[in-house]
Number of protein chains: 2
Amino acid sequence: MAFAETFKALSDPVRRQILELLKKGPLSAGDIGSHFEMTGATISYHLKILKQADLIFESREKNFIYYQLNTSVLEEIMLWISQLKGGESGAESK
Amino acid sequence: MAFAETFKALSDPVRRQILELLKKGPLSAGDIGSHFEMTGATISYHLKILKQADLIFESREKNFIYYQLNTSVLEEIMLWISQLKGGESGAESK
DNA sequence: AAGCTATTTAGATGTTTTTCTAAATACAAT
DNA sequence: ATTGTATTTAGAAAAACATCTAAATAGCTT
């Protein structure tokens, strides 16, 4: 579990926006790219980083590669932050 | 509210470790530095970034500057992540 | 198999980040 | 007022990052 990688991945605004796009459902690399003023190559670079951080995963279909959110890692980040805040369990009952 | 700044600040391992140290209570810049193999100047640089991100605040006392965690911003980060995960409210009752 | 579309990889480039050393500031204590 | 301790600021250098263009790969579709 490469914790550091996840935070690094989340530190870029473009990548966060990609995650937000994917929140609504899977998108192809091209679809994602169409939301930015950036070459496909650059989008591909960001996708690779998100993938390495386990924040997204891909599924190939026909000629396309569809990307979707992987929320399980987000859970871990939340836990880390909870512990920092709460000093303890992370299950903060509120 | 500089959201991006907060994520940037959290993206460095040294800075995250500083936050973890501060979880146990306030520490002076020197105390913090003693946990790392790094010059005081570099620690000071990281503290500045954490401060700008509103993740810590300082209070001067005698000849020292004590730093402590500011958890309020962490709340916002948690909310962003919740929304990404949950698709909605962020108040996930669980 | 040839050509088309979608995406990635390679290599180059400018920018940002992290780190250092040296110097500056701030305050305390003698 | 001088010296000493704690910390920051300035400037430089190396490493990491985000971006581009051009070329490569992968998989349709004819």
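Scroll up for the structure.
Residues numbered from 1 in each chain as written. Chains lettered and ligands numbered in written order. Predicted model: local features only at pLDDT ≥ 70, side-chain atom pairs only at ≥ 80, totals over all residues. Heavy atoms only, no water.

**A short note on the relation of the copies chain A and chain B**
Stated precisely, the cut-off is as follows: Fitting of the copies onto one another was done by least squares over C-alpha atoms, counting residues only where both copies have pLDDT of at least 70. Only heavy atoms matter for contacts: two residues are in contact if any of them lie within 4.5 Å across the pair.
When chain A is fitted onto chain B, the two copies agree to an RMSD of 0.1 Å after a turn of 179° and an axial shift of 0.0 Å. What we have between these two chains is a two-fold relation. The share of interface residues of chain A whose copies in chain B are also at the interface is 100%, consistent with both copies meeting through the same surface.

**Here we look at the nonpolar core**
The following threshold applies: We call a set of buried Ala, Val, Leu, Ile, Met, Phe, Trp, Tyr and Cys residues a nonpolar core when their side-chain atoms join them within 4.5 Å. For the exposure calls, accessible area comes from a 1.4 Å probe over protein chains only, and a residue counts as buried if that area is under 20% of its type's maximum, exposed if over 50%, partly exposed in between.
One finds A:Leu19, A:Ile32, A:Leu55, B:Leu19, B:Ile32 and B:Leu55 to be the most contacted residues of the largest nonpolar core, which totals 56 residues. In contact with B:Leu55, other than residues within four places in its own chain, are B:Thr6, B:Ala9, B:Leu10, B:Leu19, B:Leu50, B:Gln68, B:Leu69, B:Asn70, B:Val73 and B:Leu74.

**Some thoughts on the packing of aromatic side chains**
The following threshold applies: Two rings belonging to Phe, Tyr or Trp (six-membered ring only in the last case) form a pair when the distance between their centres is within 6.5 Å. Interplanar angles under 30 degrees mark stacking, angles over 60 mark edge-to-face geometry, and anything in between is tilted. Each helix corresponds to a stretch of at least 4 residues labelled H or I by DSSP, and each strand to a stretch of at least 2 residues labelled E; elements are numbered beginning at the N terminus.
Per the counting criterion, the structure on display carries eight aromatic pairs over all chains. On the numbers, 5.2 Å between centres and 70° between planes, the contact of A:Phe7 with A:Trp80 is edge-to-face. Residue A:Phe7 is found in helix α1 (residues 3-10), and its partner A:Trp80 is found in helix α5 (residues 72-86); the two are separated by 73 residues along the sequence. Its relative accessible area of 0% is what places A:Phe7 among the buried residues. Plain terms: the ring middles of B:Phe3 and B:Phe7 are 5.4 Å apart, the flat faces sit at 90° to each other, and that makes the pair edge-to-face. Here B:Phe3 pairs with B:Phe7, and both are found in helix α1 (residues 3-10), just four residues apart, close to one helical turn. The class for B:Phe3 is buried, based on a relative accessible area of 19%.

**A few points about the packing of α1(B) against helix α5 (residues 72-86) of chain B**
Residues and elements named next belong to chain B. In plain terms, the rule: Comment: axis = line fitted to C-alpha atoms, over the contacting stretch for helices; angle = value between 0 and 180 degrees taken between N-to-C directions. Our angle categories are set so that under 35 degrees counts as roughly parallel, over 145 as roughly antiparallel, 65 to 115 as roughly perpendicular, and the remainder as oblique. Each residue receives one of three labels: charged for Asp, Glu, Lys and Arg, nonpolar for Ala, Val, Leu, Ile, Met, Phe, Trp, Tyr, Cys and Pro, and polar for the others, Gly being one of them.
Orientation of α1 relative to α5, taken along the N-to-C sense of each, is 95°, at an axis distance of 11 Å. By the angle between their directions, the pair α1 and α5 is classed as roughly perpendicular. Here Phe-3, Thr-6 and Phe-7 of α1 lie close against α5, whose contacting residues are Val-73, Glu-76, Ile-77 and Trp-80. Split into classes, the residues belonging to the contact of α1 with α5 amount to five nonpolar, one polar and one charged.

**Side note on the protein's contact with DNA strand C**
Inclusion rule: Whether a residue is near a molecule or strand depends on its heavy atoms: it is near if one of them lies within 4 Å of it. What qualifies as a polar contact is a pair of N or O atoms within 3.5 Å, subject to a donor-acceptor requirement within protein and to the restriction that residues adjacent in sequence count only when both atoms come from side chains.
In the vicinity of DNA strand C lie 21 residues, with A:Gly30, A:Tyr67, B:Thr42, B:Tyr45 and B:His46 positioned nearest. The sugar-phosphate backbone supplies 73% of the atoms of DNA strand C found within 4 Å of the protein. At 3.1 Å from a phosphate oxygen of DNA strand C is found a side-chain nitrogen or oxygen belonging to B:Arg15. Secondary structure elements with two or more residues in the surface near DNA strand C: α3 (29-33), α4 (40-52) and β3 (64-69) of chain A together with α4 (40-52) of chain B. No other element matches α4(B), which puts four residues into the surface near DNA strand C. A per-class count over the surface near DNA strand C returns eight nonpolar, nine polar and four charged.

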